2 protein chains.
Amino acid sequence: MSRIYNFNAGPAVLPLDVLETARDELVDFNGTGMSILESSHRAKAYAAIHQEAQDNLRSLMNIPDNYAILFLQGGASTQFSMVPMNLLLPGKTADYANSGSWAAKAVKEAKKVGSVNIAADCQKEIPTRVPSVSELRLTEDAAYLHITSNETISGAQWKTFPEPECPLVADMSSDILSRPVDVSKFGLIYAGAQKNLGPSGLTVVIIRKDLAEKAPENLPTMLRYATHIENDSLYNTPPCFSIYILALVTRWIKKQGVETLFRINREKAAVLYSAIDASEGWYKGTAAREFRSDMNVTFRLPTEELEAKFVAEAAKAGFAGLKGHRSVGGIRASIYNAFPAEGVTALVGFMDEFRKANS
Amino acid sequence: MSRIYNFNAGPAVLPLDVLETARDELVDFNGTGMSILESSHRAKAYAAIHQEAQDNLRSLMNIPDNYAILFLQGGASTQFSMVPMNLLLPGKTADYANSGSWAAKAVKEAKKVGSVNIAADCQKEIPTRVPSVSELRLTEDAAYLHITSNETISGAQWKTFPEPECPLVADMSSDILSRPVDVSKFGLIYAGAQKNLGPSGLTVVIIRKDLAEKAPENLPTMLRYATHIENDSLYNTPPCFSIYILALVTRWIKKQGVETLFRINREKAAVLYSAIDASEGWYKGTAAREFRSDMNVTFRLPTEELEAKFVAEAAKAGFAGLKGHRSVGGIRASIYNAFPAEGVTALVGFMDEFRKANS
């Protein structure tokens, strides 16, 4: 089979190693006589996977003991509601940095729950960016400050995190484990798994346990973080197979180390941004330079017609998923942890040829 | 490899055909050069799977056009809240038939949302059962009547469904597609996939579309059925791989037909119940005869010590997952669609020998 270069923004490319292991184990998992897809979530075979997935995340991210690692469902979109339902208590205000499409969705859901202060708003700026730490106008005694560490659609990323007095809550869906992060500086981190961690259908939540204790009593049981902390994410049946793939992906990351992956990720992004900058404005980066994402490289071509032609010819040449998000257009190359460096080099070659042929 | 008999209550046994297809396609799906685990949920390859999964369910269950088929996350446990949040409007009362552990959980969540009438309560009766249609005390102009079509833990099942004037809502997690059901008699049906439909991490909701229209405006976006109806379950990233497996499982069911599966399911259950009844009280069925589940056959042995010994020796003999739910003890043999008839015959043989050796 010929494996193509998959630039999809999520679900996204996974390490070939992981896929081959999953294939080899799919019908009979570890000699149990059944597939991991068929294992009870209370059985020993699955329990070991559940534990390994947690242990790998804890060691890779240096997650302190007073933080729980939860495996939930419903994506970051469900976290947009769970965060304020659990942490935005009556009489309090939550600060939100509105950095783009995803932050705006988080804001929309939080406003249904309680009082929200927009600490900074650059959602619609072009070039795209996230706020600078210095421009945040924070509420005194806020319930929390919410940020979106990487805006998948606009291709802008926080390079330095704010350090507010209140708990810092971050949607890290599109850059978790792509770089070292000091978890102890955060109150809560959440991430859909389908970019850097595994397949869709799994949301990872890393939460300082004490923050879960004050949630209102009458919340739906499934929407209380405390439910999942107390039951080790086994209150009901978890998305076992997605957790299994996360265990395999984090096993793969452990072989390399987060620092190494971070260096490679920066190099991959630098190669692409250099190619854009070297095109003398023919390719034009969407994000302001200091906020350029290492995960989602977004750029425009001289016309929308050329963008459509670029996407179509790239697909024929074996580069999938380069079309920008339907809400903004343009081109987006998502180059998460598992995206190979040679794919970036190949894309740069294609970009050069395409420019020469169409200038 | 030697495949064992998997009596787990869920996640549960899947057709070997399905596992082998999933294995063969895992690294390269349909010549796309990527795994289905890596496919964008907006890509053509995945879109065909999403559509096939819906089409298969619609044809197998004869689902009328005014019903939507939704692929959600969070399990039946999340539906316990979503149903009343969307359908139990202010000033209304919802009727609940409290038939066991699962119905009781649905009641608990509904009470957080609004007014609940317990239309019948046999949750704690031994032998276990579900209510008779005739004993239901229904509210006039109720928002809906909620039933649990099969109580997975107690092993009791509705054989005849009530036909209230209000919409009928059913948790069919453990018997969906195990028997023909007239969907047009229901307002809403929901089911965790991990018993008869596929792996965990996917919840199927079949809803008469008009029922979704009156939900309060301020519900979290992800908890509104209307969100998912309007977006064809693609408002955010769905659990793609679980939906893919559901597509394969329903493809497998289509080859046989629901009527055939129903006949086989009844035969499998009858073989087990006959063995229990023929033991002259040594094995004792947990459920009242007329409500005995075709999916979860529950029984007791003379002592708890013998039950522990039975489970341990059965496991050694290649019968996995026979321990009853930790909340009630005893023995439970879950024999969903994909459980092979020869596994039931083999278990009956084991039961006879065990009884002779321990009487």
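What you see is a predicted model, and the numbers here were worked out from it, not measured in a lab. (Residues numbered from 1 in each chain as written. Chains lettered and ligands numbered in written order. Predicted model: local features only at pLDDT ≥ 70, side-chain atom pairs only at ≥ 80, totals over all residues. Heavy atoms only, no water.)

Caption draft 1: Molecular detail of the pairing of strand E12 (residues 296-300) of chain A. Residue and element names in this part refer to chain A. Most of E12 is tucked away, with four of its five residues classed as buried. Pairing between strand E11 (residues 284-285) and E12: two bridges, direction antiparallel. Within the sheet, the bridge partner assigned to Lys 284 lies in E12 and is Arg 300. In the sheet, E12 pairs with strand E14 (residues 331-334) via four bridges, with the strands oriented antiparallel. Looking at E14, one finds that Val 297 is bridged to Ala 333. (Buried < 20%, exposed > 50% of the residue type's maximum accessible area, 1.4 Å probe, protein only. Helix = DSSP H or I, 4+ residues; strand = E, 2+ residues; numbered from the N terminus. Pairing = 2+ DSSP bridges.)

Caption draft 2: Summary view of the relation of the copies chain A and chain B. Relative to chain B, chain A is turned by 180° and slid 0.0 Å along the rotation axis, the superposed coordinates differing by an RMSD of 0.0 Å. Here the two chains are linked by the operation of a two-fold rotation axis. Every residue of chain A has its C-alpha some distance from the rotation axis, and the shortest such distance is that of A:Arg23, at 2.5 Å. Of the interface residues in chain A, 100% have counterparts in chain B that sit at the interface too, so the contact is made through matching surfaces. (Least-squares fit on C-alpha atoms with pLDDT ≥ 70 in both. Contact = heavy atoms within 4.5 Å.)

Caption draft 3: Here's a closer look at helix H2 (residues 44-60) of chain A. Residues and elements named next belong to chain A. With 17 residues, H2 should cover 24 Å at 1.5 Å per step; its first-to-last C-alpha distance of 24 Å lies within 8% of that length. By the burial criterion, the buried members of H2 are Tyr 46, Ile 49, His 50, Glu 52, Ala 53, Gln 54, Asn 56, Leu 57 and Leu 60. Of the surrounding elements, those touching the buried residues of H2 are strand E2 (67-72), strand E10 (203-208), helix H6 (240-256) and helix H7 (258-277). (Expected span 1.5 Å × (residues − 1).)

Caption draft 4: Geometry of unusual backbone geometry. Note that the residue after B:Gly10, namely B:Pro11, is joined by a cis bond; omega there is -10°. Note on placement: B:Pro11 falls in the loop between strand E1 (5-6) and helix H1 (16-25). Going from B:Ile126 to B:Pro127, the amide bond is cis rather than trans, its omega being -5°. Structurally, B:Pro127 can be placed in the loop between strand E4 (115-121) and strand E5 (145-148). Here the phi dihedral of A:Leu177 falls at roughly 65°; this positive angle occurs in a residue that is not glycine. Summarising the element assignment, A:Leu177 is placed in the loop between strand E8 (168-171) and strand E9 (188-192). Judged by its relative accessible area of 3%, A:Leu177 is buried. The backbone of B:Asp232 shows a phi angle near 50°, a positive value even though the residue is not glycine.

Caption draft 5: Representation of the environment of A:Ile331. Residue and element names in this part refer to chain A. Considering the arrangement of structural elements, one finds Ile 331 in strand E14. Relative accessible area serves as the criterion here: at 2%, Ile 331 is assigned to the buried category. Apart from the residues lying within four places of it in its own chain, the contact partners of Ile 331 are Val 297, Thr 298, Phe 299, Leu 301, Glu 307, Phe 310, Val 311, Leu 322 and Gly 324.

Caption draft 6: Summary view of the packing of aromatic side chains. Residues and elements named next belong to chain A. What the rule picks out here adds up to 39 aromatic pairs over all chains. Their ring planes at 70° and their centres at 6.3 Å tell us that Phe 80 and Tyr 190 sit as a pair that is edge-to-face. Of this pair, Phe 80 sits in helix H3 (residues 75-87) while Tyr 190 is found in strand E9, placing the two residues 110 residues apart along the sequence. Note on Phe 80: relative accessible area 3%, which makes it buried. Given the relative accessible area of 0%, Tyr 190 is considered buried. Members of the aromatic cluster, connected to one another through ring pairs, are Tyr 5, Phe 7, Trp 282, Tyr 283, Phe 299, Phe 310, Phe 319, Phe 339, Phe 350 and Phe 354. The ring centre of Phe 262 lies 4.1 Å from the NZ or CZ of Arg 266, which sits over that ring. (Phe/Tyr/Trp six-rings, centres within 6.5 Å; stacked < 30°, edge-to-face > 60°. Lys NZ or Arg CZ within 6 Å of the ring centre and 35° of its normal.)

Caption draft 7: Geometry of the packing of H6(A) against H7(A). Residues and elements named next belong to chain A. Contact pair H6 / H7: the axes reach a minimum separation of 6 Å and the direction vectors enclose 85°. Between H6 and H7, the crossing angle belongs to the class labelled roughly perpendicular. Across the interface between the two elements, Trp 252, Ile 253 and Gln 256 of H6 pack against Val 258, Thr 260 and Leu 261 of H7. Broken down by class, the residue content of the contact of H6 with H7 amounts to four nonpolar, two polar and no charged. (Axes fitted to C-alpha atoms, helices over the stretch in contact; angles between N-to-C directions. Parallel < 35°, antiparallel > 145°, perpendicular 65-115°, else oblique. Nonpolar A, V, L, I, M, F, W, Y, C, P; charged D, E, K, R; others polar.)

Caption draft 8: Representation of the sheet that holds E11(A) in the model. Residue and element names in this part refer to chain A. Here we have three strands laid out as an open sheet, ordered E11-E12-E14, and antiparallel in their pairing. Each of the sheet's edge strands pairs with one partner strand only, and the pair in question is E11 and E14. Docked against the sheet, H7 engages E11, E12 and E14, running at close to 10° with respect to E12.

Caption draft 9: The arrangement of the interface of chain A and chain B in detail. At the interface, 61 residues of chain A touch 61 residues of chain B. The contact between chain A and chain B buries some 4700 Å² in all, and 57% of this surface belongs to carbon and sulfur atoms. Of all residues in chain A, A:Val27, A:Leu37 and A:Glu38 bury the most surface against chain B, accounting for 14% of the area lost on that side. For the salt bridge of B:Arg3 with A:Glu38, the shortest nitrogen-to-oxygen distance reads 2.6 Å. Summed over the shared surface of chain A and chain B, the result is 24 residue pairs in polar contact (both at pLDDT 80 or more). Of all the elements in the fold, those that place two or more residues in the side of chain A that touches chain B are helix H1 (16-25), H3, helix H4 (101-113) and H6 of chain A. Here the side of chain A that touches chain B is composed, by residue class, of 27 nonpolar, 23 polar and 11 charged. (Buried area = accessible area lost by both parts, 1.4 Å probe. Salt bridge = Lys/Arg side-chain N within 4 Å of Asp/Glu carboxyl O. Polar contact = N/O pair within 3.5 Å; in protein donor to acceptor, adjacent residues only side chain to side chain.)

Caption draft 10: Fine view of the state of the cysteines. What the rule picks out here adds up to zero disulfides over all chains. The cysteine A:Cys122 is free of any disulfide, with A:Cys166 supplying the nearest cysteine sulfur at 18 Å. (Disulfide = S-S within 2.5 Å.)

Caption draft 11: The arrangement of the confidence of the model for chain A in detail. In this model, chain A carries an average pLDDT of 97, and 100% of its residues clear a pLDDT of 70 or more. Confidence estimates for the predicted assembly give a pTM of 0.98 and an ipTM of 0.98. (pLDDT = per-residue confidence, 0-100.)

Caption draft 12: Region of interest: the nonpolar core. The biggest cluster of nonpolar side chains holds 182 residues, and the ones touching the most others in it are A:Ile245, A:Phe310, A:Leu347, B:Leu57, B:Ile245, B:Phe310 and B:Leu347. A:Phe310 has contacts with A:Tyr283, A:Phe299, A:Leu301, A:Leu322, A:Ile331, A:Leu347, A:Phe350, A:Met351 and A:Phe354, leaving out every residue within four places of it along the chain. By size, the runner-up hydrophobic cluster in this structure holds 58 residues, among which are A:Phe80, A:Val116, B:Tyr96 and B:Ala212. (Core = buried A, V, L, I, M, F, W, Y, C linked by side-chain atoms within 4.5 Å.)

Caption draft 13: Looking closely at empty space enclosed by the protein. In total, this model carries four cavities of 30 Å³ or more according to the counting rule given. There is about 300 Å³ of room inside the largest cavity. As for the largest cavity, its lining consists of 26 residues, and the residues nearest its centre are A:Gln73, A:Gly74, A:Thr78, B:Gln73 and B:Gly74. Of all the secondary-structure elements, those providing two or more residues to the lining of the largest cavity are E2 and H3 of chain A together with strand E2 (67-72) and helix H3 (75-87) of chain B. (1 Å grid on protein atoms, 1.4 Å probe; cavity = no way out; pocket = protein on both sides within 12 Å on 5 of 7 lines; lining within 4 Å. Points joined across faces, edges and corners; volume = space filled by probe spheres on them.)

Caption draft 14: Quick peek at the sheet that holds E2(A). Residue and element names in this part refer to chain A. On the basis of which strands lie adjacent, the open sheet formed by seven strands has the order E2-E10-E9-E8-E5-E3-E4 and mixed pairing. Single-partner strands in this sheet number two, and they are E2 and strand E4 (115-121). Neighbour-to-neighbour, the strand axes of this sheet turn through a mean angle of 20°, independent of strand direction. Alignment of E2 against E10, held across six bridges, turns out to be antiparallel.

Caption draft 15: Representation of the packing of H3(A) against H4(A). Residues and elements named next belong to chain A. Remark: H3 packs on H4, axes separated minimally by 8 Å, with the N-to-C direction vectors making an angle of 40°. Comparing their axes, H4 and H3 come out oblique. Between H3 and H4 the crossing geometry is right-handed. Facing H3, whose interface residues are Ser 77, Phe 80, Ser 81, Pro 84 and Met 85, H4 presents Trp 102, Lys 105, Ala 106, Glu 109, Ala 110 and Val 113. By residue class, the composition of the contact of H3 with H4 is seven nonpolar, two polar and two charged. (Left-handed = near helix turned anticlockwise from the far one by under 90°.)

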